[in-house]
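Summary of structural features
Read off the chains here:
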2 protein chains.
Amino acid sequence: MIEPTEPFMLMDPVQLTMDLIEAQYTLKDTCDKNNAKSLVVLVSGIELAGKGEAVKQLREWVDPRYLHVKADAPNLFKPRETYWQPYARFIPAEGQIQIMFGNWYSDLLETASHVSQSIDETIFDTYVERMRAFEQDLKNNNCDVIKVWFDLSWKSLQKRLDSIDPSEPRWQELHALDWRSKKQYDVLQKLRQRFTDDWLIIDCEDEAIRDQQFAQYILQALKHLPKHKTSIRSKWQQASVPDVLATPATQAMDKAEYKAELKKLTKKVGLALSNDPRNIVIAFEGMDAAGKGGAIKRIVKQLDPRQYEIYTIGVPEKYELRRPYLWRFWTKLNSSGEITIFDRTWYGRVLVERIEGYAHPIQWKRAYDEINRFERELCDNQTVLIKFWLAISKEEQALRFQSRQQTPHKRFKITKDDWRNRNRWDEYLSAAADMLERTNTDYAPWHVIATDDKYTARIEMLHAILKQLKAV
Amino acid sequence: MIEPTEPFMLMDPVQLTMDLIEAQYTLKDTCDKNNAKSLVVLVSGIELAGKGEAVKQLREWVDPRYLHVKADAPNLFKPRETYWQPYARFIPAEGQIQIMFGNWYSDLLETASHVSQSIDETIFDTYVERMRAFEQDLKNNNCDVIKVWFDLSWKSLQKRLDSIDPSEPRWQELHALDWRSKKQYDVLQKLRQRFTDDWLIIDCEDEAIRDQQFAQYILQALKHLPKHKTSIRSKWQQASVPDVLATPATQAMDKAEYKAELKKLTKKVGLALSNDPRNIVIAFEGMDAAGKGGAIKRIVKQLDPRQYEIYTIGVPEKYELRRPYLWRFWTKLNSSGEITIFDRTWYGRVLVERIEGYAHPIQWKRAYDEINRFERELCDNQTVLIKFWLAISKEEQALRFQSRQQTPHKRFKITKDDWRNRNRWDEYLSAAADMLERTNTDYAPWHVIATDDKYTARIEMLHAILKQLKAV
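The rules behind these values
Residues numbered from 1 in each chain as written. Chains lettered and ligands numbered in written order. Predicted model: local features only at pLDDT ≥ 70, side-chain atom pairs only at ≥ 80, totals over all residues. Heavy atoms only, no water. Helix = DSSP H or I, 4+ residues; strand = E, 2+ residues; numbered from the N terminus. Buried < 20%, exposed > 50% of the residue type's maximum accessible area, 1.4 Å probe, protein only. Contact = heavy atoms within 4.5 Å. Areas by Shrake-Rupley, 256 points an atom, 1.4 Å probe, with all protein chains shown as cover. Lys, Arg positive; Asp, Glu negative; His and termini not counted. Charge placed at Lys NZ, Arg CZ, Asp CG, Glu CD. Salt bridge = Lys/Arg side-chain N within 4 Å of Asp/Glu carboxyl O. Nonpolar A, V, L, I, M, F, W, Y, C, P; charged D, E, K, R; others polar. Axes fitted to C-alpha atoms, helices over the stretch in contact; angles between N-to-C directions. Parallel < 35°, antiparallel > 145°, perpendicular 65-115°, else oblique. Left-handed = near helix turned anticlockwise from the far one by under 90°. Phe/Tyr/Trp six-rings, centres within 6.5 Å; stacked < 30°, edge-to-face > 60°. Lys NZ or Arg CZ within 6 Å of the ring centre and 35° of its normal. Least-squares fit on C-alpha atoms with pLDDT ≥ 70 in both. Patch = residues over 30% accessible without salt bridge, like charges linked within 9 Å, V, L, I, M, F, W, Y side chains within 5 Å. Core = buried A, V, L, I, M, F, W, Y, C linked by side-chain atoms within 4.5 Å. Pairing = 2+ DSSP bridges. Polar contact = N/O pair within 3.5 Å; in protein donor to acceptor, adjacent residues only side chain to side chain. Expected span 1.5 Å × (residues − 1).

What chain A contains, in helices and strands, is 19 helices and 10 strands. Oriented by its inertia axes, the alpha-carbon framework of chain A measures out at about 80 × 50 × 40 Å. Within chain A, the proportion of its 472 residues that are buried is 56%. Long-range pairs, those at least 24 residues apart, make up 83% of the contacts in chain A with a sequence separation of at least 6. When the accessible surface of chain A is totalled, it reaches about 21,400 Å², and 50% of it is carbon and sulfur. Taking the 71 positively charged and 69 negatively charged side chains of chain A as two groups, their mean positions are separated by 7 Å.

We now examine the pattern of salt bridges. All names here are of chain A. Under the counting rule described, the total for this entry stands at 69 salt bridges over all chains. When the shortest N-O distance is used, the salt bridge between Arg424 and Glu427 registers 4.0 Å. The partly exposed category is assigned to Arg424, whose relative accessible area is 27%. Given a relative accessible area of 39%, Glu427 falls into the partly exposed group.

Quick look at the interface of chain A and chain B now. Taken together, the contacts link 44 residues of chain A with 44 residues of chain B. Our count for the chain A to chain B interface comes out at six salt bridges. One salt bridge connects B:Lys301 with A:Glu60, and the closest N-O pair in it is separated by 2.5 Å. Those elements giving two or more residues to the side of chain A that touches chain B turn out to be α1 (13-29), α2 (51-61), β2 (67-70), α11 (292-300), β7 (308-312) and α12 (318-321) of chain A. Classifying every residue of the side of chain A that touches chain B by side-chain character gives 20 nonpolar, seven polar and 17 charged.

Residues and elements named next belong to chain A. Two elements in contact, helix α5 (residues 121-140) and helix α15 (residues 361-380), have axes whose closest approach is 11 Å; the angle formed by their N-to-C orientations is 140°. It follows that α5 is oblique to α15 by the angle criterion. As for the relative orientation of α5 and α15, their crossing is left-handed in sense. Counted together, Arg130, Ala133, Asp137 and Asn140 of α5 and Arg366, Glu370, Arg373, Arg376, Glu377 and Asp380 of α15 form the full contact between these two elements. Class assignment for the residues of the contact of α5 with α15 results in one nonpolar, one polar and eight charged.

On to the packing of aromatic side chains, then. Under the defined criterion, the tally for this structure stands at 65 aromatic pairs over all chains. On the numbers, 6.3 Å between centres and 25° between planes, the contact of A:Phe124 with A:Phe195 is stacked. With A:Phe124 in helix α5 and A:Phe195 in the loop between α7 (182-192) and β5 (200-203), this pair connects stretches of sequence that are 71 residues apart. Ring plane angle 40° and centroid distance 6.2 Å describe the contact between A:Trp346 and A:Tyr347, whose orientation is recorded as tilted. When the ring centre of A:Trp364 is taken as origin, the NZ or CZ atom of A:Arg354, which lies over that ring, is 4.0 Å away. Positioned over the ring face of B:Tyr368 is B:Arg438, at 5.5 Å from the centre of the ring.

It is worth spelling out the relation of the copies chain A and chain B at this point. With an RMSD of 0.0 Å, the operation that places chain A on chain B is a rotation of 180° combined with a shift of 0.1 Å along the axis. The two molecules are tied by a two-fold rotation axis, judged by turn and shift.

With that settled, the discussion passes to a negative patch on the surface. Residue and element names in this part refer to chain A. A surface patch of like charges, here negative, comprises Asp203, Glu205, Asp206 and Glu207. Looking at the element boundaries, Glu207 is found in helix α8 (residues 207-223). Residue class for Glu207 comes out partly exposed when judged on its relative accessible area of 49%.

Let us now look at the nonpolar core. Membership of the largest hydrophobic core comes to 279 residues, with the highest contact counts inside it found for A:Phe214, A:Trp346, B:Phe214 and B:Trp346. Setting aside residues no more than four positions away along its own chain, B:Trp346 makes contact with B:Val281, B:Ala283, B:Tyr325, B:Leu326, B:Phe329, B:Ile371, B:Phe374, B:Glu375 and B:Leu385.

Its location among the elements puts A:Glu22 in helix α1. Residues A:Glu22 and A:Leu219, 197 residues apart in the sequence, show an inter-C-alpha distance of 9.7 Å.

Here we take up the sheet that holds β5(A). Residue and element names in this part refer to chain A. Spatially, five strands are ordered β2-β3-β1-β4-β5 in an open sheet, and the strand pairing comes out parallel. Whereas interior strands pair on both sides, the edge strands pair on one side only; in this sheet they are β2 and β5. Within this sheet the neighbouring strands show an average axis-to-axis angle of 20°, counted without direction. Pairing analysis gives four bridges linking strand β4 (residues 143-151) to β5, with the strands arranged parallel. Paired with Val148 across the two strands is Leu200, which belongs to β5.

Residues and elements named next belong to chain B. The sheet built from five strands is open, its strands ordered β2-β3-β1-β4-β5 with parallel pairing. Across the chains shown, the open sheet's two edge strands, defined by having one partner strand only, are β2 (67-70) and β5 (200-203). On average, each strand axis in the sheet is tilted by 20° relative to the strand beside it, whichever way the strands run. Sheet analysis places β2 next to strand β3 (residues 97-100), joined by four bridges and oriented parallel. When the bridges of β3 are listed, Lys70 appears paired with Met100. Relative to the sheet, helix α2 (residues 51-61) contacts β1 (38-45), β2, β3 and β4 (143-151), its axis offset from that of β2 by approximately 160°. Set on the sheet, helix α5 (residues 121-140) makes contact with β1 and β4; between it and β4 the angle comes to about 135°.

The next point concerns the environment of B:His463. All names here are of chain B. For His463, the location among the structural elements is in helix α19 (residues 454-471). Each C-alpha atom of the pair His463 and Glu60 lies 60 Å from the other, and the pair is 403 residues apart in sequence. Polar side-chain contacts of His463 include one of 3.3 Å to the side chain of Glu261.

Let's shift gears to the environment of A:Arg194. All names here are of chain A. With respect to the helices, strands and loops of the structure, Arg194 is situated in the loop between α7 and β5. On a C-alpha basis, the gap between Arg194 and Pro408 in space is 63 Å, while along the polypeptide they are 214 residues apart. When near neighbours in sequence (up to four residues on either side) are disregarded, Arg194 contacts Glu121, Phe124, Asp125, Val128 and Arg132. Separated by 3.4 Å, the side chains of Arg194 and Glu121 make a polar contact.

Let us look at the side chain of A:Lys70. Tracing the sequence through the fold places A:Lys70 in strand β2. If sequence neighbours within four positions are ignored, A:Lys70 has contacts with A:Tyr87, A:Phe90, A:Gln98, A:Ile99, A:Met100, A:Phe101 and A:Gly102.

So, on to the pairing of β4(B). Residue and element names in this part refer to chain B. Burial analysis of β4 places nine of its nine residues in the buried class, the great majority of the element. Of the two faces of β4, the one holding Cys143, Val145, Lys147, Trp149 and Asp151 and the one holding Asp144, Ile146, Val148 and Phe150 are both buried throughout. Relative to β4, β1 is paired through eight bridges, and the arrangement is parallel. Looking at β4, one finds that Val40 is bridged to Val145.

Attention now goes to the side chain of B:Arg192. Residues and elements named next belong to chain B. Its place among the elements puts Arg192 in helix α7 (residues 182-192). Residue class for Arg192 comes out buried when judged on its relative accessible area of 5%. For Arg192, the side chain forms a polar contact with the side chain of Gln189, separated by 2.8 Å. Each residue touching Arg192, except ones within four places of it in the same chain, is listed here: Leu109, Trp149, Asp151 and Ile201.

What follows concerns α5(B). All names here are of chain B. Across its 20 residues, α5 extends 29 Å between first and last C-alpha, which sits within 8% of the 28 Å expected from 1.5 Å per residue. Considering only its buried residues, α5 is in contact with β1, α4 (104-114), β4, α7, α13 (327-330) and α15 (361-380). Two residues or fewer past α5, Asn142 is found with a positive phi of approximately 75°.

A few words on unusual backbone geometry. Backbone geometry follows two general trends: most residues other than glycine have a negative phi, and most peptide bonds adopt the trans configuration. The phi dihedral of A:Ala289 falls on the positive side, at around 70°, and the residue is not glycine. Mapped onto the elements of the fold, A:Ala289 is located in the loop between β6 (279-286) and α11. For A:Ala289, a relative accessible area of 7% puts it in the buried group. The phi dihedral of B:Arg80 is positive, around 65°, even though this residue is not glycine.

Rendered as structure tokens:
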């Protein structure tokens, strides 16, 4: 637990407001720069301790235009949804501050104390561990996280409850928990102590001290600016390129056989996807012209167009670059059991961003673990994640580029980027080899489809989907 | 009603798919260019006519990655929400195609036929008229809209209902309307004829013809690319600059009097804003350093930080530029009775964009009416829109710029843009004069606060809020 320095010193409010505003503008100014950061402030605590009042006072001391406040009440965890999903879209851009009243810990507390089948301690602690890992990933990606617990003793809570006018509208907000029950209060206090080691705990007996402790802690956090991308030389054990990537199969499938098989399989895949109640994410990576578009077409052939969404991932926009690189994927995932297809994915971090130098070695080397954690969270929450690497030979790519350029309705598919990537063929193979080795997990295995024959590729791909859907 | 050419000709499917893909990529390629457009396809019709199937077939013929489908069932109109609000975030970026199964017309039909107090014909027709104006505004801003009604005769509908297996899950979707009731069918047909003049009506008796009519209509729409910003010289009646803008008041308020008055007023304003069940939008425009930030601080002083959101509007991002200029405001408005404050607004179109030439004269001249329509829709749906223009003298601005540069925590507030804008002082005054004259409406009047004295400005501003909240 982070203890405020003792004895705690009140600052002159005029000085405090000036320092806060200066720190806030300094933070704002880091946007797009090397020391960029954003700040998330998680706020939880005992009812009536005065979270709302402290934030109100803070917002009065700072420039309120650059301090965002998210206000939802806590929610129960939902099936098919990770704990961070409801909050992902509130992750602030560099230079911004976001206060979250409702947050993953308040949802955890809500779920642990309200559901008839309550969570046991091991599961609770696993959640806490994962949340901390998630926060560390945020921090590593320029989004600092601080956590503040507004505490109040049982006695003071009862006194404040006594003094509330029951006609006040806020009274209604207190009903989620019975704050008159000492037993419930004690359970809550015991639970929260399982995760508040790295929180600032504010004793809210005295309002002036409460507001200042909170504001000074924010000030401290604002002033602490990171130095990113420090050049540390670390060894890198490059995976060797598997033969199958270097020399894809060439045997061609008979067209008639393909057509019959395809018809059967698209129907089967369509049914399997439609009837599966889980979220389904299908992720495509591979060399340019390896057949991602064609593969996607066959997957969706038998699907109702309202069941699925396809995202084609290109260069990130500025507002996306100002957030953790996974953010633009977090916000595209759904939790209602639909089908989401990605034509290129978060693996861009360890492919194009690595190769073109958009990500620093420290960043892309760290990304394998970050991605594994991200995928594990999804898969642990009823998501089937089916990942494809489509491999073709360099010669086959040349043939397909030529054919595209000669076909009017396909020439749009060839861009300058494609030629540039082609010149870096071997680097892409190496990056793919590393990726396959480091992110091929039980919960989200890679399917490598390596063949110069389009027909074979599509049939293998459809088989792989069926297999993985049935596997679990 | 748009009749398909008679006799309707089926195209060779291979040719159709090639034409569609080529047209689709051509559209995609217009993004960021002078002939840019996006396409919205509204799809409605009789149950079982085969909307879903036709879209599915279309998505098979095109590249499905660039054809987005929005799938919601129709909703009843909600209080405090305009008919376009639920759909605003689906307005596609230039180069993209968005199919909307659920859309403002399906909501209108749902509301008109399901609510116990049904809408009368005049109101229904007013909605249709406004929807058309909204669509025209979309079209003028590079977002084309086409509408397709999938029709089915009573006899065929009954036959299809007979043949459905009642255990099929889709059967449940039919329950919104009783499709076995001839009376309800007739009412629906009569209602829809009040708005389908400019729709393509497809008779869905024959599935092959249905799918082709739909796809060919899309092809036609894709091929029709606009030429934007054609230079037409039109006369412009420049409003004269009101004295109050040119020479703001200078009388200073006594500090003690200000403090007392401010305390009273912020409390009153806080209460009035909190207790008002309507959506409240407060919009600030004005010269740089006119005191927008300070004014906002005083408005929110007595508010719970969870009740309001402040948006500071700057240069639009690329993804915003690819949509109608009002889009980034549509998507920021809420419909739950909260308070939304804009530090700079959609009036940027007729201020900075006009002056800096980011908007073509045709565009900004058209914008006054577009903005008036936009604001009227809001105000007709339980939104109070309070608009402020803060005016100071050029001399006062110079003083404030200097003081900001000398104060550490304020020097961040001065940017290059501020100096550039200052050099165009008179142009801004003229643009403001035009804006005030053309967008000062009954439903959303302007409050001009013109004084070099900060205290007076804040007090006047708070009075204006109270007055407008009570006015309606």
